[in-house]
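Tertiary structure, described
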Amino acid sequence: MEYCSGGTLAKYIENGQTLSEDKIHKYFLDLSEGLKYLRSKNILHRDLKPHNILLSDINTIKLADFGLAKRVLYNIPQNIPNNIPNNANNANNANNITN
């Protein structure tokens, strides 16, 4: 197991520390890539929260605590549904996403 000296994202937030917009963007992309990889292996994390996102000393994040993870026996669709809004800032459209 790899040691992440930055602790968890939850601890970072609890300490009142803030993240720059660039760092938030980087972490979001890292998280997206991690979830994409898990999906490619038909694995669902099922407990994604700040306590389970570790911060490394090289400005990357790692997913942790796979205790609730589940390998699914069916293929998870690899394509993105057409009904996801293009504007991520529009909270009203986010409620219209269906599964």
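A short tour of the structure in this document, coming up. Predicted model, so just to flag it, every value in this text is computed and none were measured.

Within the chain one finds three helices and four strands. The N-to-C order of helical and strand elements in the chain reads α-α-β-β-β-β-α. Relative to its full complement of 99 residues, the chain shows a buried share of 21%. Contacts spanning at least 24 positions in sequence make up 62% of the contacts within the chain whose residues lie at least 6 apart. Entry remark: accessible area of the chain is about 7800 Å², with carbon and sulfur atoms responsible for 53%.

The next subject is helix 2 (residues 21–40). For helix 2, spanning 20 residues, the distance from its first C-alpha to its last is 28 Å, which sits close to the expected 28 Å at 1.5 Å a residue. Those residues of helix 2 not exposed but buried are Y27, L31 and L38. The buried residues of helix 2 occupy an angular sector of 40° when the element is viewed end-on, so they sit on one face. For helix 2, the exposed residues set more than 90 degrees away from the buried face come down to E21, D22, E33 and Y37.

Now for the side chain of T60. Counting through the fold element by element, T60 comes out in the loop between strand 2 (53–55) and strand 3 (61–63). Of note is the side chain of T60, whose polar atom sits 2.8 Å from the side chain of S56. Not counting the four nearest positions on each side in its chain, T60 is found in contact with K26, Y27, D30, L54 and L55.

This brings us to unusual backbone geometry. A positive phi angle, close to 70°, is found at R46, a residue other than glycine. Mapped onto the fold, R46 is located in the loop between strand 1 (43–44) and strand 2. We note that N59 has phi near 65°; this positive angle belongs to a residue other than glycine. Looking at where N59 falls in the secondary structure, it is placed in the loop between strand 2 and strand 3.

Our next topic: the environment of E2. Looking at where E2 falls in the secondary structure, it is placed in the segment before helix 1 (9–14). The partly exposed category is assigned to E2, whose relative accessible area is 47%. Sequence separation between E2 and K62 is 60 residues, and the spatial gap between their C-alpha atoms is 9.2 Å.

Looking now at the pattern of salt bridges. For the structure shown, the criterion picks out two salt bridges. A salt bridge links K26 to D30; the shortest N-O distance between them is 2.9 Å. Of this pair, K26 and D30 both sit in helix 2, four residues apart, which is roughly one turn of that helix. The exposure class of K26 is partly exposed, given its relative accessible area of 29%. The class of D30 is partly exposed, set by a relative accessible area of 21%. As a salt-bridge pair, D47 and K49 come within 3.7 Å of each other at their nearest N and O atoms. Accessibility expressed as a relative area gives 17% for D47, which makes it buried.

What counts, and at which threshold
- Residues numbered from 1 in each chain as written.
- Predicted model: local features only at pLDDT ≥ 70, side-chain atom pairs only at ≥ 80, totals over all residues.
- Heavy atoms only, no water.
- Helix = DSSP H or I, 4+ residues; strand = E, 2+ residues; numbered from the N terminus.
- Buried < 20%, exposed > 50% of the residue type's maximum accessible area, 1.4 Å probe, protein only.
- Contact = heavy atoms within 4.5 Å.
- Areas by Shrake-Rupley, 256 points an atom, 1.4 Å probe, with all protein chains shown as cover.
- Expected span 1.5 Å × (residues − 1).
- Arc of directions from axis to C-beta.
- Polar contact = N/O pair within 3.5 Å; in protein donor to acceptor, adjacent residues only side chain to side chain.
- Salt bridge = Lys/Arg side-chain N within 4 Å of Asp/Glu carboxyl O.

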